[in-house]
Amino acid sequence: MREESIPRNPGPVHESYIKIQDLNAFYGNLQVLKNIRLDFQEHQVSAIMGPSGCGKTTLIRILNRMNDDVPGFHIEGNVTIQSLDIYGRQVDPVLLKMRVGMVFQSPNPFPFSIYENVAFGPKIHKLFKRKKELNRIVKESLQRAALWDEVKDRLAESAMKLSGGQQQRLCIARALAVQPEILLMDEPASALDPGSTSKIEELIVELKQNYTVVIVTHNIQQAARIADSVVFLYKGEVVETGRAPTFFENPSNPMTEKYLSGQLSSV
Amino acid sequence: MQIESEKDGEGPKGSDIARKLPWQDPRVLFRYKLRRLADKMVVAVTILAVVVVLYPLLDILFMFFYRGALAISIPRLTGLTLQFGLANAIVGTLLLVSLSTIIAVPLGVLGGIYLAEFSAQDQMSKTFAGTVRFLSDVLSGMPSILLGYVGFLILVIDFGWGLSPLAGGLILSILMLPYVIKTTELSIRKVPLKLREAATALGATKTQMVNRMTFPLALPGILTGIILSMSISIGETAPLLFTAGFSNYYPCGLTNCQVGFLTYIIYTFAKIPTTDSLSLAYLSAFLLISFSLVLNMTARIGLRRLSKI
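Conventions adopted
Residues numbered from 1 in each chain as written. Chains lettered and ligands numbered in written order. Predicted model: local features only at pLDDT ≥ 70, side-chain atom pairs only at ≥ 80, totals over all residues. Heavy atoms only, no water. Phe/Tyr/Trp six-rings, centres within 6.5 Å; stacked < 30°, edge-to-face > 60°. Buried < 20%, exposed > 50% of the residue type's maximum accessible area, 1.4 Å probe, protein only. Lys NZ or Arg CZ within 6 Å of the ring centre and 35° of its normal. Axes fitted to C-alpha atoms, helices over the stretch in contact; angles between N-to-C directions. Helix = DSSP H or I, 4+ residues; strand = E, 2+ residues; numbered from the N terminus. Left-handed = near helix turned anticlockwise from the far one by under 90°. Contact = heavy atoms within 4.5 Å. Nonpolar A, V, L, I, M, F, W, Y, C, P; charged D, E, K, R; others polar. Disulfide = S-S within 2.5 Å. Buried area = accessible area lost by both parts, 1.4 Å probe. Salt bridge = Lys/Arg side-chain N within 4 Å of Asp/Glu carboxyl O. Polar contact = N/O pair within 3.5 Å; in protein donor to acceptor, adjacent residues only side chain to side chain. 1 Å grid on protein atoms, 1.4 Å probe; cavity = no way out; pocket = protein on both sides within 12 Å on 5 of 7 lines; lining within 4 Å. Points joined across faces, edges and corners; volume = space filled by probe spheres on them. Pairing = 2+ DSSP bridges. pLDDT = per-residue confidence, 0-100.

Draft legend 1. Geometry of the packing of aromatic side chains. Under the criterion given, the structure shown has 18 aromatic pairs over all chains. Where Phe159 of chain B meets Trp161 of chain B, the ring centres are 5.5 Å apart and the plane angle is 70°; that geometry is what we call edge-to-face. For Trp161 of chain B, a relative accessible area of 21% translates into the label partly exposed. Through a chain of ring-to-ring contacts, the aromatic side chains of Phe246, Phe261, Tyr264 and Tyr267 of chain B assemble into a single cluster. Sitting over the ring of Phe110 of chain A, Arg174 of chain A keeps its end group 4.5 Å from the ring centre.

Below, the structure written as structure tokens:
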């Protein structure tokens, strides 16, 4: 729970889709994020990069309040999505998660059938009246996640039988089935082989037409391939932000340069 | 392995000795042989311990199966105790176990779900849950005859239920509760965090997560616990002497009606040195062990296969 409530700044609508202002985050007494100020634009892929332990995962989990249940975790500052303060009193964290979906580092399908995995979200939110509508949602979600052709004949099979890359695309389909606006991805390809990785990357670039994507990665080449804008975090602080090509070709901060050339070890 | 040993007298400054590696040093090798010997001795001792435990167990099982199988006969299985039969005791035991299961399962499963899923929300519920866990552990270590006596005082006398299936079943259910609670809690906790996070990230409430994911995934484990606790309650005698009494006839009602059960037959007839009495006791033991084996094997083989996590 946030203690002081910062007055909401209406500002021009859609100025930036996600806006983070003076964010500090703590696990107990340990401060993991310091004075973060960031903007993420609609229908773009924004990548958060940095060495292990720099706070990337904490930052992305703040955006859909996944850390609410972590004991001792608290934040100061302001996070808004379309000018809505997501840590404000009127925001229900469960409803927020309907708007902000998440894909995790290692594929985590439920040990149910492929169909039931995608249907999980629509079922808990009662997003359909007839079974036919649910079938349509499942099909569309799988199509958007570029998995439909591979699984359409075996929807009743256990999701655990899929390969790692397929499982991860299933998790993306499962998140899309709730029809979110924002998709958070926490190193979605780091546990996958190169082939599956490039499929996921293609998919992410496609997804930005319909969704706003925020992705954590520590793969520099991957960020260069898919991101529109990049944030470089180091020891809980934003070192540099920039548009994708410039950031990689011409970083303004010497620290970023060191990181990009692989000379910056983890914290 | 044969390793060429260096001659001791040869000049210590010799470059050969100076370069000697640990695996070429006879002292290191000697110590290794000692460790290897100790290793083998530990294995031998543990195997011996297993044999010491298993031999009597197998001996007992064999004796009861052999003598019990010899005692099988239609009149003994279908007659009342009066006619040296077990029918009323079989029905009584099944009735007592069913009653205790019906009472213990909902309470124990819901309690276990609470402890696993809903007890970490604030400091007060954490303290409460800790207390419940502690008391449940104490209960599982409590001598069952004490529970029987408590049941006698409260249920049989104060409530006026008399020696009856309900009093016996309720006391048995209290014996089962700690096992059901514990296995439910442990099975639910075994559902990995990454699946919980997946459900949370899809916007599931805690209750939806339990209903649609954690509970179904934990169900095989929970059923295993229930079945094992049933096999414990089938074998109880002491608390039932205080609460169920004994009857030579079929059960006649839930209260104020004594009920027969198989362990009582063993307790009574094994002490009477006539062929008929001993056969009845052996058959009763045979049935109890068979029930218990079937339940255990269902739990261990059948349900493990259903498990998805």
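Further notes follow.
Draft legend 2. How the structure looks around the packing of helix H11 (residues 262-269) of chain B against helix H12 (residues 275-306) of chain B. Residue and element names in this part refer to chain B. Taken N-terminus to C-terminus, the directions of H11 and H12 make an angle of 145°; their axes are 8 Å apart at the nearest point. Of the two elements, H11 crosses H12, and the hand of that crossing is left-handed. Only Ser277, Leu278, Leu280, Ala281, Ser284, Ala285, Leu287, Leu288 and Phe291 of H12 make contact with H11, whose side of the interface consists of Leu262, Thr263, Ile265, Ile266 and Phe269. Residue composition of the contact of H11 with H12, by class: eleven nonpolar, three polar and no charged.

Draft legend 3. Expanded view of the state of the cysteines. Residues and elements named next belong to chain B. The final tally for this structure, using the stated rule, is one disulfide over all chains. A disulfide bridge connects Cys252 with Cys257, and the sulfur atoms are separated by 2.1 Å. On the sign convention where negative means left-handed, the S-S torsion of about 130° between Cys252 and Cys257 marks this disulfide as right-handed.

Draft legend 4. A look at the interface of chain A and chain B. In this complex, chain A contributes 24 residues to the contact, which on the side of chain B involves 17 residues. Together, the buried faces of chain A and chain B total about 1800 Å²; carbon and sulfur atoms form 67% of this surface. On the chain A side of the contact with chain B, Pro111, Phe120 and Ile124 of chain A bury the most area, a combined 29% of that side's loss. Glu197 of chain B is paired through a salt bridge with Arg61 of chain A; the nearest N and O atoms lie 2.7 Å apart. Counting every contact that joins chain A to chain B gives five residue pairs in polar contact (both at pLDDT 80 or more).

Draft legend 5. Here's a closer look at the layout of surface pockets. Of the volumes computed, that of the largest pocket is approximately 1300 Å³. In terms of lining, the largest pocket is formed by 35 residues, of which the most central are Asp68, Asp69, Val70 and Pro71 of chain A together with Lys206 of chain B. Among the secondary structure elements, those contributing two or more residues to the lining of the largest pocket are strand S4 (73-81) and helix H2 (93-99) of chain A together with helix H4 (87-118), helix H8 (193-201) and helix H9 (206-234) of chain B. In terms of residue class, the lining of the largest pocket is made up of 17 nonpolar, six polar and twelve charged.

Draft legend 6. Molecular detail of the pairing of strand S8 (residues 212-216) of chain A. All names here are of chain A. Here S8 lies mainly inside the structure; five of its five residues are buried. Neither face of S8 is exposed, since Thr212, Val214 and Val216 on one face and Val213 and Ile215 on the opposite face are all buried. With five bridges connecting them, strand S7 (residues 182-186) and S8 associate as parallel partners. Along S8, the bridge assignment pairs Leu184 with Val214.

Draft legend 7. Seen up close, the pairing of S4 of chain A. The buried fraction of S4 of chain A is high, at seven of nine residues. Between the antiparallel neighbours S4 of chain A and strand S5 (residues 84-85) of chain A lie two residues, among them Gln82 of chain A with a positive phi of about 50°.

Draft legend 8. The arrangement of the confidence of the model for chain B in detail. All names here are of chain B. When pLDDT is averaged across chain B, the result is 90; 94% of the residues are at 70 or more. The secondary-structure element of chain B with the lowest mean pLDDT is helix H1 (residues 15-18), recorded at 57, while helix H7 (residues 165-189) shows the highest, at 96. Taken together, the stretch residues 5-12 has pLDDT below 50 and engages in six contacts with residues farther than four places along the chain or on a different chain. Interface confidence in the predicted complex, given as ipTM, is 0.86; pTM for the same model is 0.82.

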